[in-house]
Amino acid sequence: MTAEIGQLALILALLLALVQGAATLWGAWRVDPVMMAVGRSASLLQLLFVGLAFCSLATAYALNDFSVSLVAQHSNSTQPLVYRLGATWGSHEGSMLLWVLILALYGAAVAIFGGTLRQTLQARVLGVQGIVAAAFLGFLFFTSNPFTRLFPVPPDGAELNPILQDPGLVFHPPVLYTGYVGLSMAFSFAIAALIEGRVDAGWARWVRPWVLVAWIFLTVGIAMGSLWAYYTLGWGGWWYWDPVENASFMPWLLATALLHSSLVLERRGALISWTILLAILAFSLSMVGTFLVRSGVLTSVHAFAVDSRRGVYILAVIAVMTGSALSLFAWRASTLRTGALFMILSRESGVVLNNLFLLVATGVVFTGTFYPVFLDAMNLEKVSVGPPWFKIVFTPFAVPLLLLVVIGPMLNWRRDELGALWRRVRWPAGLAGAALVIAALFVGLGHVFTACGVGLGVWLVAGSLMVLARRWRIGEAGLADIRRLVRSTPLAVWGLVLAHAGLGVLTLGVTGMTSWQTNKVLTMVPGQSVTLAGKTITLDTVQSAPGPNYEATAARFNVSSRFGERALTSERRVFPVSQTHTTVAAIGLGLFGNTYISIGDPNPDGSLVVRMWDHPLVDWIWGGGLIMALGGAVSLTDRGLRVGAANRVPQPLPAAAQAASA
Amino acid sequence: MRRLLFLMPVIAFMLVAAAFLAGLGRDPSKLPSTLIGKSLPAFNLPPVRAGDVGLKSQDLSSGQPALLNVFASWCVSCRVEHPMLLELKAEGVPVQGLDWKDEAADGARYLAQNGDPYTLVGNDRTGRAGIDLGVAGVPETFVVDRKGQVRYKHIGPIAPEDWVRTIKPLLDRLRAES
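Residues numbered from 1 in each chain as written. Chains lettered and ligands numbered in written order. Predicted model: local features only at pLDDT ≥ 70, side-chain atom pairs only at ≥ 80, totals over all residues.

Details of the overall build of chain B
For clarity, the threshold we go by: Strands here are runs of E lasting at least two residues and helices are runs of H or I lasting at least four, both read from the DSSP assignment and numbered beginning at the N terminus. Between the buried cut of 20 or more and the exposed cut of 12 or fewer other C-beta atoms within 10 Å of a residue's own C-beta lies the partly exposed class, and all C-beta atoms are placed from the backbone. Whether two residues are in contact depends on their C-beta atoms, placed from the backbone: they are in contact if these lie within 7 Å.
Check the secondary structure of chain B and you find five helices and seven strands. Its C-alpha atoms put chain B at 70 × 35 × 30 Å along the principal axes. Each of the 178 residues in chain B was classed as buried or not, and the buried ones make up 44%. Across chain B, the fraction of contacts at a sequence separation of at least 24, relative to all contacts at a separation of at least 6, is 73%.

In structure tokens form, the structure reads like this:
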């Protein structure tokens, strides 16, 4: 029965989304409060029914209802309950259902919390959300119905891909999707603003928290995906420039740009049309990300079922959504008020530069990802570009951007002077320079990139802390004053410092990992020892260890270093149902680096192929990412960001306002 | 002028969408290889490990059907495919390796870490042999008959079902051919 309930709920949700879109847009146009109220209720009901559909599917998984084709394909009665539930979004259909569920949540949030918005703006935002929801519910219903029944009913199901049977899977997609779909809010607000022909600080104040929420979830989601790849793929890589990773990275880059430009819009009333354009592009890239994984346009390890009918549908959705959004932009944006004036050297310019670098970086990733598609379209030889290409092309844009991260917050709004700027950044610059020189002496001149990486990381961390030091007037003010200044520091500033310093920690991690990684591969027998990066690693025992739905070979290692001893276990698991195996690497975590050991199949003579790595500073990569996300979260709790805060509309300068708008 | 500026995004988008549409019609895993039915283009590649013999196109016309697997150390899908290749080796299927757009040292390290399923391995650092072969990405696998003619091209990792349903039957047929 549950499948039929889910099916029915899905159809009702689709109809409600259509009602939501039509009623709100019509109501906003005719300024009809009744129609707008109907639209608001429709969005709440839509959430209810999508939620019901999702629960039905989850129930089918939990109860091992193999008459539902999706359950039979992705779940097995021996799978632990948590992975049966996780399998709800482990398939294409299920993950799309999760996608629309999150979309409905955001829509309902506008309906519930949007009371302080201008009523027509709220209605139009809901209208766009409704249209997006209808498009994706239609996609789900017509091309990827999760509730299709299977007859005859199989006695047991196939298995969820073992590599996905991991705590990472349970959390990674929901977190990432919350980020992806969160950008739909920026999109809806942008379209609504274009229809209204009005963008003001109040608009920016409403959009910014949503972008920030999306950005936080994207950051955490990407970090989790990277971490998951690190420990499951069995060789310790943390970023592959795989199309699907790029698909999440591109919206992240644009969300970062949007976060900064909307700040300028809120504070200074500048960069209006630019912010609108970024909002449209960011969500479009979210949709492209969805398209990419499912259409089979590109091959990737992550690819779900490849079905070109789905690809055509999603491409049509993107073409209509993004196409009409950009057309609306072309038609209406030139009529929007142009922003306030600012000088070449000012914080506004800093943000413009930041945005340009982020946009170009996104363009680089986009080009690299879709290069094969473009070449193919022009009937040229298909060529794919690998990580080496990305490293060479991405870095030249990333480095100036990282330099700018520290300079931006040091700049004054509207205008600034080079000499004053230098006085503000000389401390971090000096520290970074010193770090660079020391690192260069330490690693030798042949490793100039390593030294630069260290310098850059120190620059970011020191420069971010300098924001606090400046604010607290350390070195000038008395202790009592400083204490008062510390207490009065807004949470938004703490957020900025954390996010930027986190980027520095991440930079140091990447530098350490790419520069000083060492590894060994050898055949070992129990009792044998080997040294790696100053640690002595001994293979203690090799045993078989049965799991709930797999058989494992477990090897116990003893790792001893100056700091003590620890026992680590590496496993190789064979899943009999799907005849696949996975590697569970033994990872000895450490603040300054991990020991990473993975084992191969045991040889008949009892020996074992063992691969071991020393990964210096690798945890700093995810640590940095999490610090950045934490910065976002701290910023989100700032009063100034709270929705419905008093309206402060900055006055644009009357003269020559045109020249400043980007 | 300002209007024109605002038109730029939509124009750029239309171009990209057109490229996607063109890309959709083609299944990336079913690139028609122009080589099918033809002899392998000539190549003579250096080895990835100093002291090995490398890989020449003639090595694939040695009288028995074989697989030519294109891989790279930077390719994630290749790592996914690798256990399958090791299994094929264990079954006695001759697999030749072409290390594409890769430094020889990286290729050698990759094989040392993951095991070496190949009879012979050649390093195509510049991707030149890859161009002649029409390599679109990695991994790709060519099925070559005993006379060195390409009979089939598989794009992406070889999944167990690809092996059972397509490649193994084809190899059996080729072995039976005189």
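We are not done yet, so read on.
Considerations on the environment of alanine 361 of chain A
Residues and elements named next belong to chain A. Mapped onto the elements of the fold, alanine 361 is located in helix H12 (residues 347-377). You can call alanine 361 buried: it has 23 C-beta atoms within 10 Å. C-alpha separation for the pair alanine 361 and tryptophan 422, spaced 61 residues apart in sequence, amounts to 27 Å. Ignoring anything within four residues of it in the chain, the contact list for alanine 361 reads Leu253, Phe394, Phe397, Ala398 and Leu401.

Focus: unusual backbone geometry
All names here are of chain A. Unlike most non-glycine residues, leucine 271 shows phi in positive territory, near 60 degrees. Its location among the elements puts leucine 271 in the loop between helix H9 (243-268) and helix H10 (272-295). In this structure leucine 271 comes out as buried when scored by C-beta crowding, with 27 C-beta atoms within 10 Å.

So, the packing of helix H13 (residues 387-410) of chain A against helix H15 (residues 448-471) of chain A
All names here are of chain A. Applied cut-off: To obtain an axis, a line is fitted to C-alpha atoms, over the contacting stretch when the element is a helix, and the angle between two such axes runs from 0 to 180 degrees between their N-to-C directions. For classification, angles of less than 35 degrees are called roughly parallel, those exceeding 145 degrees roughly antiparallel, those between 65 and 115 degrees roughly perpendicular, and all remaining angles oblique. Crossing handedness follows the turn of the near helix against the far one: under a right angle anticlockwise gives a left-handed crossing, and clockwise gives a right-handed one. Each residue gets one of three labels, nonpolar for Ala, Val, Leu, Ile, Met, Phe, Trp, Tyr, Cys and Pro, charged for Asp, Glu, Lys and Arg, and polar for the others, Gly among them.
One can describe the packing of H13 onto H15 by two numbers: an axis separation of 8 Å at closest approach and a directional angle of 15 degrees. Here H13 is positioned roughly parallel relative to H15, judged by the angle of their axes. Handedness of the H13/H15 crossing: left-handed. Listed contacts from H15 to Val399, Leu402, Val405, Val406 and Pro409 of H13 are Leu456, Trp459, Leu460, Gly463, Ser464 and Val467. Split into classes, the residues belonging to the contact of H13 with H15 amount to nine nonpolar, two polar and no charged.

Section: the pairing of strand E5 (residues 564-575) of chain A
Residue and element names in this part refer to chain A. This is how it is decided: Pairing between strands is defined by DSSP: at least two bridges between the two strands are required.
Summarising the sheet, strand E4 (residues 551-561) and E5 pair through eleven bridges and their orientation is antiparallel. Note that in E5 the partner of serine 560 across the bridge is glutamate 565. The hairpin formed by E4 and E5 contains two residues between the paired strands.

Quick look at the nonpolar core
What counts here: The nonpolar core is taken to be a set of buried Ala, Val, Leu, Ile, Met, Phe, Trp, Tyr and Cys residues joined by way of C-beta atoms within 7 Å.
Formed by 182 residues in total, the largest nonpolar core has its most connected members in Val100 and Ala186 of chain A. Tallying contributions element by element places helix H8 (residues 201-232) of chain A first for this core, with 17 residues. Contacts of alanine 186 of chain A, omitting those with residues within four sequence positions, involve Val207, Trp210, Val211, Leu258, Ala279, Ala282 and Phe283 of chain A. Judged by nonpolar contacts, the second largest core, of 39 residues, contains Trp241 of chain A together with Leu40, Phe71 and Cys78 of chain B.

A short note on the domain arrangement of chain A
Note the threshold: What counts as a domain boundary in this text is fixed by an automatic or database domain assignment.
Split by domain assignment, chain A resolves into domain 1 (1-155) and domain 2 (518-618). The C-alpha-based centres of domain 1 of chain A and domain 2 of chain A are spaced at 44 Å.

Quick word on the sheet that holds strand E1 (residues 518-524) of chain A
Residue and element names in this part refer to chain A. Strand order in this open sheet of four strands is E1-E9-E8-E7, and the pairing throughout is antiparallel. Edge strands, defined here as strands with exactly one partner in the open sheet, are E1 and strand E7 (586-588). Here the average twist between neighbouring strands, direction ignored, is 15 degrees.

A closer look at the packing of helix H14 (residues 418-443) of chain A against H15 of chain A
Between two packed helices, the angle of one axis relative to the other and the distance separating the axes together describe the packing. Residues and elements named next belong to chain A. Between H14 and H15, whose axes approach to 8 Å, the crossing angle comes to 155 degrees. Put simply, H14 runs roughly antiparallel to H15. Considering how the two elements wind past one another, H14 and H15 form a crossing that is right-handed. Seen from H14, the contacting residues are Arg424, Val425, Trp427, Pro428, Leu431, Ala432, Gly433, Ala435, Leu436, Ala439, Ala440 and Val443; seen from H15, they are Thr450, Ala451, Cys452, Val454, Gly455, Val458, Trp459, Ala462, Gly463, Met466 and Arg470. For the contact of H14 with H15, the class distribution of residues is 17 nonpolar, four polar and two charged.

Comments concerning the pairing of strand E2 (residues 529-532) of chain A
In the sheet, E2 of chain A pairs with strand E3 (residues 535-546) of chain A via four bridges, with the strands oriented antiparallel. In the sheet register, threonine 531 of chain A faces E3 of chain A, and the bridge partner there is threonine 536 of chain A.

Examining helix H5 (residues 92-113) of chain A
For clarity, the threshold we go by: To estimate how far a helix should reach, multiply one less than its number of residues by 1.5 Å.
Between its first and last C-alpha atoms H5 of chain A spans 32 Å; for 22 residues at 1.5 Å apiece the expected length is 32 Å, and the two agree. The element H5 of chain A is extensively covered by neighbouring structure, given that 18 of its 22 residues are classed as buried.

Observations concerning the sheet that holds strand E3 (residues 66-71) of chain B
Residue and element names in this part refer to chain B. Ordered in space as E5-E4-E3-E6-E7, the five strands form an open sheet in which the pairing is mixed. Each end of this open sheet is capped by a strand with a single partner; those strands are strand E5 (121-124) and strand E7 (150-155). Ignoring strand direction, the axes of neighbouring strands in this sheet form an average angle of 20 degrees. Relative to E7, strand E6 (residues 140-144) runs antiparallel, the two being bridged by five bridges. Counted as the bridge partner of valine 143 is tyrosine 152 from E7.

Concerning the environment of leucine 401 of chain A
Residue and element names in this part refer to chain A. With respect to the secondary-structure elements, leucine 401 resides in helix H13. Residue classification places leucine 401 among the partly exposed residues on the basis of 18 C-beta atoms within 10 Å. In this structure, leucine 401 is in contact with Asn354, Phe357, Leu358 and Ala361, ignoring residues within four places of it in sequence.

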